Amino acid sequence: MIFINPKTDYAFKKIFGSSESKEILISFLNALIYEGHPTIQDLEIINPNLPPKLEGLKDTYLDVKAKLSDGTLVIIEMQVLNVQSFGKRVLYNAAKTYAFQLEAAQGYRLLKPVIALTITDFEMFPNSPEFISRFVFKEVNKNFIYPENNLDLVFVELPKFTKGQEELETLADKWVYFMKNARSMTSVPETMDSIPEIHEAFNIANQAKLSREEVEDLDRREQFIYDQQGAILKAVQEGIEQGIEQGIEQGIEQGIEQGIEQGIEQGREQGIEQGREQGKREEKLAIARQLLSQLDNATIAQVTGLSVEDVQNLRGDS
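Rules used throughout
- Residues numbered from 1 in each chain as written.
- Predicted model: local features only at pLDDT ≥ 70, side-chain atom pairs only at ≥ 80, totals over all residues.
- Heavy atoms only, no water.
- Helix = DSSP H or I, 4+ residues; strand = E, 2+ residues; numbered from the N terminus.
- Buried < 20%, exposed > 50% of the residue type's maximum accessible area, 1.4 Å probe, protein only.
- Contact = heavy atoms within 4.5 Å.
- Areas by Shrake-Rupley, 256 points an atom, 1.4 Å probe, with all protein chains shown as cover.
- Pairing = 2+ DSSP bridges.
- Axes fitted to C-alpha atoms, helices over the stretch in contact; angles between N-to-C directions.
- Patch = residues over 30% accessible without salt bridge, like charges linked within 9 Å, V, L, I, M, F, W, Y side chains within 5 Å.
- Salt bridge = Lys/Arg side-chain N within 4 Å of Asp/Glu carboxyl O.
- Lys, Arg positive; Asp, Glu negative; His and termini not counted.
- Charge placed at Lys NZ, Arg CZ, Asp CG, Glu CD.
- Right-handed = clockwise from strand over helix to strand, strands pointing away.
- Polar contact = N/O pair within 3.5 Å; in protein donor to acceptor, adjacent residues only side chain to side chain.
- Core = buried A, V, L, I, M, F, W, Y, C linked by side-chain atoms within 4.5 Å.

Draft legend 1. Seen up close, the overall build of the protein. Broken down by element type, the protein carries ten helices and six strands. Taking all 318 residues of the protein together, 44% fall into the buried category. Across the protein, the fraction of contacts at a sequence separation of at least 24, relative to all contacts at a separation of at least 6, is 62%. Counting every atom, the protein has about 17,700 Å² of accessible surface; 50% of that belongs to carbon and sulfur.

Draft legend 2. Broad picture of the sheet that holds strand β1 (residues 43-46). In spatial order, the strands read β1-β2-β3-β4-β6-β5; together these six strands make up an open sheet with mixed pairing. Looking at which strands have only one partner, the edges of the open sheet turn out to be β1 and β5 (132-135). The mean inter-strand angle of the sheet, taken between neighbouring strand axes irrespective of direction, is 20°. Direction of pairing for strand β4 (residues 114-120) relative to strand β6 (residues 151-157): parallel, over a ladder of seven bridges. Along β6, the bridge assignment pairs Ala116 with Leu153. Strands in contact with helix α1 (residues 9-16) are β1, β2 (63-68), β3 (73-79) and β4; relative to β2, the strand with the most contacts, it is inclined by about 20°.

Draft legend 3. Local environment of a negative patch on the surface. Together, Glu241, Glu245, Glu249 and Glu253 line one region of the surface with negative charge. Topologically, Glu245 is positioned in helix α7 (residues 212-262).

Draft legend 4. Local environment of the pairing of β4. With seven of seven residues buried, β4 is to be regarded as a mostly interior element. The two faces of β4 match: Val114, Ala116, Thr118 and Thr120 on one face and Ile115, Leu117 and Ile119 on the other face are all buried. As paired elements, β3 and β4 share seven bridges and run parallel to each other. Within the sheet, the bridge partner assigned to Val74 lies in β4 and is Ile115. Once you follow β3 into helix α3 (residues 86-99) and on to β4, the crossover reads as right-handed.

Draft legend 5. Representation of α1 within the structure. Within α1, eight of the eight residues are buried, which leaves the element mostly enclosed by the surrounding structure. Residues of α1 that are buried include every one of Asp9, Tyr10, Ala11, Phe12, Lys13, Lys14, Ile15 and Phe16, and no others.

Draft legend 6. Spotlight on the environment of Arg134. Along the polypeptide, Arg134 turns up in strand β5. Separated by 18 residues in sequence, Arg134 and Ala116 place their C-alpha atoms 9.8 Å apart. Beyond its immediate stretch of four places on either side in the chain, Arg134 contacts Ile33, Tyr34, Asp152, Leu153 and Val154. A distance of 2.7 Å separates a polar atom in the side chain of Arg134 from the backbone oxygen of Ile33. In terms of polar contacts, Arg134 uses its side chain to reach the side chain of Asp152, at 2.5 Å.

Draft legend 7. Seen up close, the nonpolar core. In this structure, Phe16, Leu25, Phe28, Leu29 and Phe178 are the most contacted members of the largest nonpolar core, which totals 53 residues. The dominant element in this core, judged by the number of residues it contributes, is helix α2 (residues 22-33), at eight residues. Apart from residues no more than four positions distant in its own chain, Phe16 is found in contact with Ser21, Ile24, Leu25, Phe28, Ile45, Val64, Trp175, Phe178 and Met179.

Draft legend 8. Expanded view of the pattern of salt bridges. With the rule as written, the count across this model stands at seven salt bridges. Close ionic contact of Lys7 with Asp121 constitutes a salt bridge, the shortest N to O distance being 3.4 Å. Of this pair, Lys7 sits in the segment before α1 while Asp121 is found in the loop between β4 and β5, placing the two residues 114 residues apart along the sequence. According to the relative accessible area criterion, Asp121 is partly exposed, its value standing at 25%. As a salt-bridge pair, Arg89 and Glu77 come within 3.1 Å of each other at their nearest N and O atoms. In this pair, Arg89 is assigned in helix α3 and Glu77 in strand β3, connecting sequence segments twelve residues apart. Taking the relative accessible area as the measure of exposure, Glu77 reaches 3% and is therefore buried.

What follows is the structure in structure tokens.
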């Protein structure tokens, strides 16, 4: 069997946001938000239609929205690329969903809680080893929760999940394994197939059940993601090559100048060494320039080895 990639917008919405996905979504949310406890008994999937076929395929994320039986709204996003200010966008979308509940002249008492579940194919919190993180409003010094804590941010970082099939224990383990590995699987593991909702998710994800048009559309969407990732890698490679070339040229020039004063041979050696050092810095700067439109300052600094201040100066110059 071949399974579609649940990390693409079309596949994710088909699996979790279509009209037949209610029980699947309940199990998924209980696993990732409520530690597997059957807290959610019922929900309504809002706008369950599949996403439109976009010409430019500009979006690399998606939303599934559901209303729980107590009125709580849950918005779910799957983000593949680490774009600049993504964390702020998550908070903005949650706040917007919360605020847009009210019509003109309606009272605040009508506001219901909002849970934003965000699944990322990259790390957002490098200092935490946990693959599920949850954020709420708390008092800074005493650490107690704000009484009207109606915004709840839950993040699932797929790269941090490293368990194999034989290590899957919790319902969350099995759903995250599905999200991360379904595309490369050819059969359904018995430990996962025994859960009816996961069995049905694999059934929906079976590529054989799609029309030719759906498969082609899905391929285009997946290719778009690969192209975006390839563009970043190409920018990094070009930055490396440019940095090496500039470093060698500058190193030779500096080495020759110093060689006149201290000896041609010694000068060349020093020039080559300085060229290497300068080349490394130019390489880092070139890579950082290419990534300014793709990543935030902290991530660029982590990737290139530059300081955050260096990256901020580059952004100010651009």
